[in-house]
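In case you want the letters, here they are:
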Amino acid sequence: MSIPTSLQGQLSVPVICAPLFIISNPDLVIAQCKAGLLGSFPALNARPAEELDVWLTTIETELAAARAADPSARIAPYAVNQIVHDSNSRLRHDIDTCVRHRVPVMITSLKAPHEVVEAAHQYGGLVFHDVINARHARKAIEAGVDGLILVASGAGGHAGTLHPFALVAEVREFYDGPIALSGSITQGAQVLSAQAMGADFAYIGTRFIATTEARADAAYKQMLIDSRANDIVYSSLFTGVSGNYLRGSIERSGLDPEKLAAGDKSSMNFDGLAGVGSGTAKAWRDIWGAGQGVGSIRDVVPTAEVGRRLVAEYREALRAAQAFTRDFV
């Protein structure tokens, strides 16, 4: 296992909370961190760009107060997601803002994050990069990242197609650094399973949409509860990058989930789907991302309760594993 020194002893369970486009906000991140989970949000969620400074100040102030109130509590650091793509005109501004705040972890997506790595390493920050295959992992390692997030099949939003067993095993052949594994993880036993197969952290997103702090439509949260794995549709139409979405939200927008065209990756167009469906639908706002783990989401609860359950389930799974492996070790 390879957990960075700066994160050791600060997490209640080895979980990194995925940044949720539009949905993640300071209230959610603060609650995640107070629960001992590494909370995160996309920099682009703070709008206009100047609001990012306000969000970071709010998060840092609240977490500092929580640590002062209970020095023995495991209150996790936080992370900010940077989209490394030509369409992101804010990237340089957002990196500079994060550097001023010495953000503990930056999570990068899409292109190899040379610029983000250089900036974060100036003050000792960590960079974890999303990858969906070994080729992308090698490029991220060459860029100097501190950890990899393996986005396997079944993950919510932008996701890959490889089974987690295959992806972790292949990357571990050439990389011994920190790995977070994403893909249908909603429960503590699955967190332990991710570690058992060679990851250091579980990377959880969809479960946190169904929380009281998440900035998501109530109908979105209810659809998560009502959906099962076969209600997840994999398509590149909505942003140009292939991802998993709730079938019900696609149908509500006037589209046939079985007849979706391919999207244009070069544009990363999040603003509309002109000429298809209702013509006014927007990715993430109307087309709702979710992973195949929706079948185990049964309620909308505070983030603190999700954290409590993850810890209890993780510890119970660990006890059970120790019991049923006695004959084999």
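Preceding block: the structure.
Counting from 1, residues in each chain are numbered in the order their sequence is written. The predicted origin of the model limits local features to residues at a pLDDT of at least 70 and limits the giving and counting of side-chain atom pairs to 80 or more, whereas totals for whole chains, interfaces and linings rest on all residues. To get the side-chain values, all heavy atoms of the structure are used, and hydrogens and water are removed first.

Caption draft 1: Structural view of the sheet that holds strand β11 (residues 243–246). Paired strands, as defined in this entry, are two strands with at least two bridges between them according to DSSP. Starting at the N terminus, helices and strands are each numbered in turn, a helix being any DSSP run of H or I of at least four residues and a strand any DSSP run of E of at least two. Taken together, the three strands give an open sheet; going across it, the order is β7-β11-β10, and neighbouring strands pair in antiparallel fashion. Edge positions in the open sheet fall to β7 (157–158) and β10 (232–235), since each of these has one partner strand only. Both β7 and β11 contribute to a ladder of two bridges, which runs antiparallel. Residue Gly157 lies in a different strand from β11, and its bridge partner there is Asn244.

Caption draft 2: Representation of the nonpolar core within the structure. Joining through side-chain atoms within 4.5 Å is the link that ties buried Ala, Val, Leu, Ile, Met, Phe, Trp, Tyr and Cys residues into a set, and such a set is a nonpolar core. Relative accessible area decides the class of each residue, using a 1.4 Å probe on protein chains only: under 20% of the type maximum gives buried, over 50% gives exposed, and in between gives partly exposed. If you look at the biggest cluster of nonpolar residues, it comprises 76 residues, and the most contacted ones within it are Tyr78, Leu148 and Leu150. For this core, the element with the most residues is helix α2 (residues 51–69), which contributes six residues. Excluding its chain neighbours within four sequence positions, the residues that come into contact with Leu150 are Val131, Leu167, Val168, Val171, Ile179, Ala180, Leu181 and Ser182. Note on definitions: a residue-residue contact is assigned when non-hydrogen atoms from the two residues lie within 4.5 Å.

Caption draft 3: Structural context of the pairing of strand β4 (residues 105–110). With five of six residues buried, β4 lies mostly within the body of the structure. Two elements, strand β3 (residues 78–84) and β4, share six bridges in a ladder whose sense is parallel. Across the sheet, Val80 pairs through a bridge with Met106, a residue of β4. In this fold, β3 hands off to helix α3 (residues 91–101), which returns the chain to β4; that crossover is right-handed. Here β4 runs beside strand β5 (residues 126–131); their pairing, made up of four bridges, is parallel. Considered in β5, the bridge of Val105 is made with Leu126. As a crossover connection, the stretch from β4 through helix α4 (residues 114–121) into β5 is right-handed. The path from the first strand over the helix to the second decides the hand: if it runs clockwise while the strands point away from the viewer, the crossover is right-handed.

Purely geometric stuff here, so don't read any function into it on its own.
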